[in-house]
Amino acid sequence: MLLQVEDLNVVLGGLQILQGVSFCVNEGELVVVVGSNGAGKSTTLRSICGMNPIVSGSVIFEGKDITGHSSSECAGMGLCMVPEGRQLFPEISVRENLLMGAWHYRKNKARVMENLEKCYDMFPVLKKYENRIASTFSGGEQQMISIARGLMSEPKIMMIDEMSLGLAPLIIEQLFRTIKDLNKSGMSILLIEQNARQALAIADRAYVMENGTVTMEGTGQELLNNEQVKTAYLGF
Amino acid sequence: MRSVKWTKRNSIYLAVLLALAAFLIYLPIGGSRRNINIGILVFIYIALGQSWNLLSGMSGLFSIAHALFYGIGAYGMSLMLARAGSNPLVGLLVGIGANLLVALIVGMVGSKLSGLYFTMALIGIHSIFYTLAGQLTITGGWLGISLPREWQLTRKELYIIALAIAVFMTVLFQVIRSSRIGTMFVALKENPQLAASLGSDIRKWRILAVLISATMASVVGSFYAIYMMAHNAEVFNGTVSLRIMMVCMVGGVGHIFGPWVGSALIIMDEYIRGAMPTEFASLSVVIYALVLIVMALLRPQGIMGSKIFQPKEVDVRAIENLDAREKTE
Amino acid sequence: MPRCSSCCIERGDVLVTLTAIISYIVNGILMGGLYGLTSAAWSFQCGALKFANFAYGACIMFTMYLTYWPIAMWGWPLPLTIVFVLAFNVVLGWVMRKTVLRPNNRNTQILCTMGLQLIIINLANFFFTSYPRDFGLLEKRFYFTENISIGLTQLFCFVLSGAILIGFQLFLNKTWTGRAIRAVVQNRDVASLMGVKSERILDLAFSISYIMIAIAGIMLMTMFTVDPNFGTTWQSYAFIICISAGIGNLYGAFLSGLIIGVVSSLIKGIVGPFYHDPILYAMFVIILLLRPYGIFNKAENVARTI
């Protein structure tokens, strides 16, 4: 197991947001977590990354207990989070955004440039506009920049939070294909999504979260065909 | 009004209030001249405190140079009496009139922009008046103005007037707080976007807040002129503004009795300064400022205040642009 | 009002002729370099780091005293004093960040720093007394014509100010640390995710801006007379300059500093120092009413960071 979350309990602002959340991601897997708004999916990710305090439970990454570490240690460990809402650095260029992703190994210039080229190969449109200010891009392109920035940090696992929010259907399809390709090339991915149908279609395994706890688990296909899931999330 | 629960806490408040009232009544009868002076000073700061409370506590427009309005009120009175040979009523009105004008300018800046810009505009306008007051011959420059003898009142009369002013301002604060105007002010402070979306004109209300607050401070300033019978540009001094803020922030921001509690600081300061040799006068200000900083860091809402004093930083233009854009979409 | 010991323009018999005006302008530009540097440092603190530091002027004043006292009173050598002043400012900046500038609420910051300003001014009053101090350096002047001259110290300070500012902007744009500062300023949480220790970076940025203040203070001491109230006027000028340029705009602050330097010099020369401050403040208020986001910023770019 690459990433294992066990019995996570998180309290924010006096309210219990997560109750006993447990799931895991194995190496090379594409795991999806679906659920409606307010189910606690983003909170889970943020807690794994040390952005929320954890009351009890544990997060184990590559066999080591990393519960409660600070968010600035994530990148060095190989944990990469692509946050909700793109969250780029709005006033600086695409190139500089990507370079920031390489912060934790910045001293090795050759490596940084090599990874930058790899990103540009994967997303040629970024190379074309590499000096444009990040906030001037469209939502879909910004998501690409965000994912590319994540890739720059040489992660062992990519955790992507709600990447399809507010984007046009065509763009969303493109993004899901990109994620699937990434996974095929060996990257372990944890994908949090409200867009259940497309997410489950590309998932190896998936979980359903409701009201701060995991209610269902199975392979992508199993959950796609599950009656409860169908009525609640797939609109049947 | 909500019914007051008869708790232990309230009993303490009541006891303190009664003791305070007894002390206040005793002063003009049996107190020494110095104590009466301190009493008058306390009332001045209580009244100024209510004025500040209205602007910064209730409406969220942080006024860092409140002495501006106070000083204009003082000069309005003294200029009218000393240079124009008029009577105190005219002096009062002139002070208020000048303040309304200044408050309008300040309000216009503050109504459009967020807190930092309002602060700077206030400081800018304040500096203009401070330097001019200290340099123009009509204001007596550095030496200041003295008022004609005929308007001098006895200490007891001054005390009663000061007390009346302090009580009046407190009542005025409460009246405004409970009225629709007050609710609008608080709404603007707490959630300006919501208020704007409900159709209120933020600018108008903000300007109104500054106007009312300035008028209150003006009255106190005019009283000060008659009380001291002479003053110079130091009525504009930053220490005055700082004291006003201290009284409110320590006593309780936005709370009606905040300034009353906070005025204990004024008493403390006067006694300390009286006790210390003059070389150490600077140090007493240091202690004063340290208390302020500590209070601001540890308990920004003051002793009596209940909510953390955090007016929303709002850019009115941004909100208006948002509305405009929504209308066209 | 700051009294300049080595660049006062004699009003005596000089008619307000063209040469005099050119002289004012030239001197104003040179003076503006220092205005620009101090304002840029404040603009950086306020716009980028989002710290409303109202103890700024007092810190400059104190720096000046710290430059003067060891050299004039205790006979310290210059290099040692410079190191001392720089170190003191770094520590001061660090302390301020941990105490007075800790709360995120801007108004509390304003209040606390104003309290701090009072403390610093009165401490200066107590320890140094309010007697004005200056080095009384004789200015070497370089004469273009009979009436137009520039002081060499002034020129040096101008060049140094410009160099520091350019150097700082380059640091921000080209180095990794500078990039990190800009990233943290724009999005603290995400910068953390990339591995940047946000708090440390902010400490560093703040200390750098305080070093800039230190250098500015040292330069100021060579040209001005200091008394405990020196800082208050200087701070007001810094406000005017920063608002005119748009908070957060560093090059703009420098340019604005030059402009204000020239305007100030012209007002002092033509109208006289008596009405200098009120006129300047009046202009300030007008700018606030008409173009509050800065003359160099478009209305949409509200308080752009670097």
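## Some points on the overall build of chain C
Moving on, step 1. Counting its regular elements, chain C contains 11 helices and four strands.
Moving on, step 2. Taking contacts inside chain C between residues at least 6 apart in sequence as the whole, the part at least 24 apart equals 77%.
Moving on, step 3. For chain C, the exposed area adds up to about 11800 Å²; of that, 68% sits on carbon and sulfur atoms.

## Some words on the sheet that holds strand E4 (residues 56–61) of chain A
All names here are of chain A.
Moving on, step 1. Pairing in this open sheet of four strands is antiparallel, and the strands run E2-E1-E4-E5 from one edge to the other. Bordering the open sheet on either side are strand E2 (15–25) and strand E5 (64–65), each of which pairs with just one other strand.
Moving on, step 2. Here seven bridges tie strand E1 (residues 3–12) to E2, and the two strands are oriented antiparallel to one another. Each residue of the ladder has a partner; that of Val11, found in E2, is Gln16.

## Quick look at the pairing of E1 of chain A
Residues and elements named next belong to chain A.
Moving on, step 1. As paired strands, E1 and E4 are joined by five bridges and run antiparallel to one another. Its bridge partner being in E4, Val5 is matched across the sheet by Val59.
Moving on, step 2. In sequence, E1 turns back onto E2 through a hairpin of two residues, with Gly13 there showing a positive phi of about 55°.

## Points about unusual backbone geometry
Trans peptide bonds make up most of the peptide bonds, and negative phi angles are found at most residues other than glycine.
All names here are of chain A.
Moving on, step 1. Despite not being glycine, Asp7 shows a phi value in the positive range, around 50°.
Moving on, step 2. For Asp7, the location among the structural elements is in strand E1.
Moving on, step 3. Residue Asp7 is classed as partly exposed on the basis of its relative accessible area, which comes to 43%.
Moving on, step 4. Residues other than glycine seldom take positive phi values, yet Glu162 does so here, at roughly 50°.
Moving on, step 5. Within the secondary structure, Glu162 is located in the loop between strand E7 (157–161) and helix H7 (169–184).

## Let's talk about the sheet that holds strand E6 (residues 79–82) of chain A
Residues and elements named next belong to chain A.
Moving on, step 1. Ordered in space as E6-E7-E8-E3-E9-E10, the six strands form an open sheet in which the pairing is mixed. At either end of the open sheet lies a strand with only one pairing partner, and these are E6 and strand E10 (213–219). The sheet shows a mean angle of 15° between the axes of neighbouring strands, direction not considered.
Moving on, step 2. Together, E6 and E7 form the strand contacts of helix H6 (residues 139–152), whose direction differs from that of E6 by roughly 170°.

## Things to note about the interface of chain C and chain B
Moving on, step 1. Taken together, the contact between chain C and chain B spans 41 residues of the former and 42 residues of the latter.
Moving on, step 2. Between chain C and chain B, the buried area comes to about 3800 Å², and carbon and sulfur atoms account for 78% of it.
Moving on, step 3. The tally of links from chain C across to chain B stands at zero salt bridges.
Moving on, step 4. Counting the contacts that link chain C with chain B gives zero residue pairs in polar contact (both at pLDDT 80 or more).
Moving on, step 5. Here the residues of the side of chain C that touches chain B are counted per class, giving 32 nonpolar, seven polar and two charged.

## Some details on the interface of chain C and chain A
Much of the literature gives interface size as the accessible area that the parts lose upon coming together.
Moving on, step 1. Every contact between the two is made by 20 residues of chain C and, on the other side, 23 residues of chain A.
Moving on, step 2. Taken together, the two surfaces of chain C and chain A that pack against each other cover about 2100 Å², and 65% of this comes from carbon and sulfur.
Moving on, step 3. When the area that chain C buries against chain A is broken down by residue, the three leading residues are Trp176, Leu193 and Met194 of chain C, summing to 39%.
Moving on, step 4. Counting across the interface, chain C meets chain A through five residue pairs in polar contact (both at pLDDT 80 or more).

## A look at the nonpolar core
The tendency in soluble globular proteins is for nonpolar side chains to be buried side by side.
Moving on, step 1. Among the nonpolar cores identified, the biggest contains 247 residues, and Ile147 and Leu191 of chain A, Ile40, Ile44 and Phe69 of chain B together with Phe44 and Met96 of chain C are the most heavily contacted of them.
Moving on, step 2. It is helix H9 (residues 202–228) of chain B that contributes the most residues to this core, 16 residues altogether.
Moving on, step 3. If you look at the next biggest cluster of nonpolar residues, it comprises 30 residues, including Leu18, Val21, Val59 and Met81 of chain A.

## Thoughts on the packing of aromatic side chains
Moving on, step 1. Under the criterion given, the structure shown has 32 aromatic pairs over all chains.
Moving on, step 2. Ring geometry for Trp103 of chain A and Trp176 of chain C: centres 6.3 Å apart, planes at 65°, overall edge-to-face. Taken together, the residues Trp103 of chain A in the loop between helix H3 (94–101) and helix H4 (109–122) and Trp176 of chain C in helix H6 (residues 176–186) connect one chain to another.
Moving on, step 3. For Trp103 of chain A, a relative accessible area of 8% gives the class buried.

## Quick word on the pattern of salt bridges
Once their charged atoms are close, side chains differing in charge can pair, the charge on each being opposite to the other.
All names here are of chain C.
Moving on, step 1. Under the definition given, this model contains 12 salt bridges over all chains.
Moving on, step 2. Taking the shortest distance from any N to any O, the salt bridge between Glu199 and Arg97 comes out at 2.8 Å. In this pair, Glu199 sits in helix H8 (residues 198–223) while Arg97 sits in helix H3 (residues 78–98), placing the two residues 102 residues apart along the sequence.
Moving on, step 3. Residue classification places Arg97 among the buried positions, given a relative accessible area of 4%.
Moving on, step 4. Close ionic contact of Glu199 with Arg188 constitutes a salt bridge, the shortest N to O distance being 3.2 Å. In this pair, Glu199 is assigned in helix H8 and Arg188 in helix H7 (residues 188–193), connecting sequence segments 11 residues apart.
Moving on, step 5. A residue is classified by how much of its surface remains accessible, and Glu199, at 34% relative accessible area, is partly exposed.
Moving on, step 6. Given the relative accessible area of 37%, Arg188 is considered partly exposed.
Moving on, step 7. Among the charged side chains, a salt-bridge network with shared partners connects Arg97, Lys98, Arg188, Glu199 and Asp203.

## Description of the state of the cysteines
Residues and elements named next belong to chain A.
Moving on, step 1. Considering all chains together, one arrives at zero disulfides over all chains under this definition.
Moving on, step 2. There is no disulfide at Cys24, and the cysteine sulfur nearest it, in Cys49, is 17 Å away.
Moving on, step 3. Of all cysteine sulfurs, the one in Cys49 lies closest to Cys74, which takes part in no disulfide; the gap is 4.0 Å.
Moving on, step 4. Residue Cys74 is classed as buried on the basis of its relative accessible area, which comes to 0%.

## Some details on the confidence of the model for chain B
All names here are of chain B.
Moving on, step 1. On average, chain B scores 78 in pLDDT, and the residues at 70 or more come to 84%.
Moving on, step 2. Within the model, pLDDT remains below 50 along residues 308–317, and this stretch shows 41 contacts once partners closer than five positions in the same chain are excluded.
Moving on, step 3. Note on residues 325–329: pLDDT is under 50 here. Beyond four places in sequence and across chains, it has zero contacts.

## Observations concerning the confidence of the model for chain C
Moving on, step 1. Chain-level statistics for chain C give a pLDDT mean of 80 and a share of 88% at 70 or above.
Moving on, step 2. Under the prediction, the complex receives an ipTM of 0.85, its pTM being 0.77.

## What to know about the side chain of Ser263 of chain B
All names here are of chain B.
Moving on, step 1. Mapped onto the fold, Ser263 is located in helix H11 (residues 258–275).
Moving on, step 2. Within polar-contact distance, the side chain of Ser263 engages the backbone oxygen of Trp260 at 2.7 Å.
Moving on, step 3. The residues contacting Ser263, other than those within four sequence positions of it, are Val42, Ile46 and Val247.

## Here we look at the packing of H6 of chain C against H8 of chain C
Residue and element names in this part refer to chain C.
Moving on, step 1. Look at H6 against H8: their axes get within 10 Å of each other, and the N-to-C directions meet at 110°. Overall, the two elements H6 and H8 adopt an arrangement that is roughly perpendicular. Within the contact between the two elements, H6 uses Thr177, Ala180, Ile181 and Val184 and H8 uses Ser198, Ile201, Leu202, Leu204 and Ala205.
Moving on, step 2. The class makeup of the residues in the contact of H6 with H8 is seven nonpolar, two polar and no charged.

## So, H3 of chain C
Residues and elements named next belong to chain C.
Moving on, step 1. Look at H3: 30 Å from first C-alpha to last across 21 residues, which is about the 30 Å you get at 1.5 Å a residue.
Moving on, step 2. The complete set of buried residues in H3 reads Thr81, Val85, Asn89, Leu92, Gly93, Met96 and Arg97. Viewed end-on, H3 has its buried residues packed into an arc of 135°, placing them on one side of the element. Relative to its buried face, H3 has exposed residues pointing more than 90 degrees away, namely Pro79, Val83 and Val91.

Cut-offs used in this document
Residues numbered from 1 in each chain as written. Chains lettered and ligands numbered in written order. Predicted model: local features only at pLDDT ≥ 70, side-chain atom pairs only at ≥ 80, totals over all residues. Heavy atoms only, no water. Helix = DSSP H or I, 4+ residues; strand = E, 2+ residues; numbered from the N terminus. Contact = heavy atoms within 4.5 Å. Areas by Shrake-Rupley, 256 points an atom, 1.4 Å probe, with all protein chains shown as cover. Pairing = 2+ DSSP bridges. Buried < 20%, exposed > 50% of the residue type's maximum accessible area, 1.4 Å probe, protein only. Axes fitted to C-alpha atoms, helices over the stretch in contact; angles between N-to-C directions. Buried area = accessible area lost by both parts, 1.4 Å probe. Salt bridge = Lys/Arg side-chain N within 4 Å of Asp/Glu carboxyl O. Polar contact = N/O pair within 3.5 Å; in protein donor to acceptor, adjacent residues only side chain to side chain. Nonpolar A, V, L, I, M, F, W, Y, C, P; charged D, E, K, R; others polar. Core = buried A, V, L, I, M, F, W, Y, C linked by side-chain atoms within 4.5 Å. Phe/Tyr/Trp six-rings, centres within 6.5 Å; stacked < 30°, edge-to-face > 60°. Disulfide = S-S within 2.5 Å. pLDDT = per-residue confidence, 0-100. Parallel < 35°, antiparallel > 145°, perpendicular 65-115°, else oblique. Expected span 1.5 Å × (residues − 1). Arc of directions from axis to C-beta.

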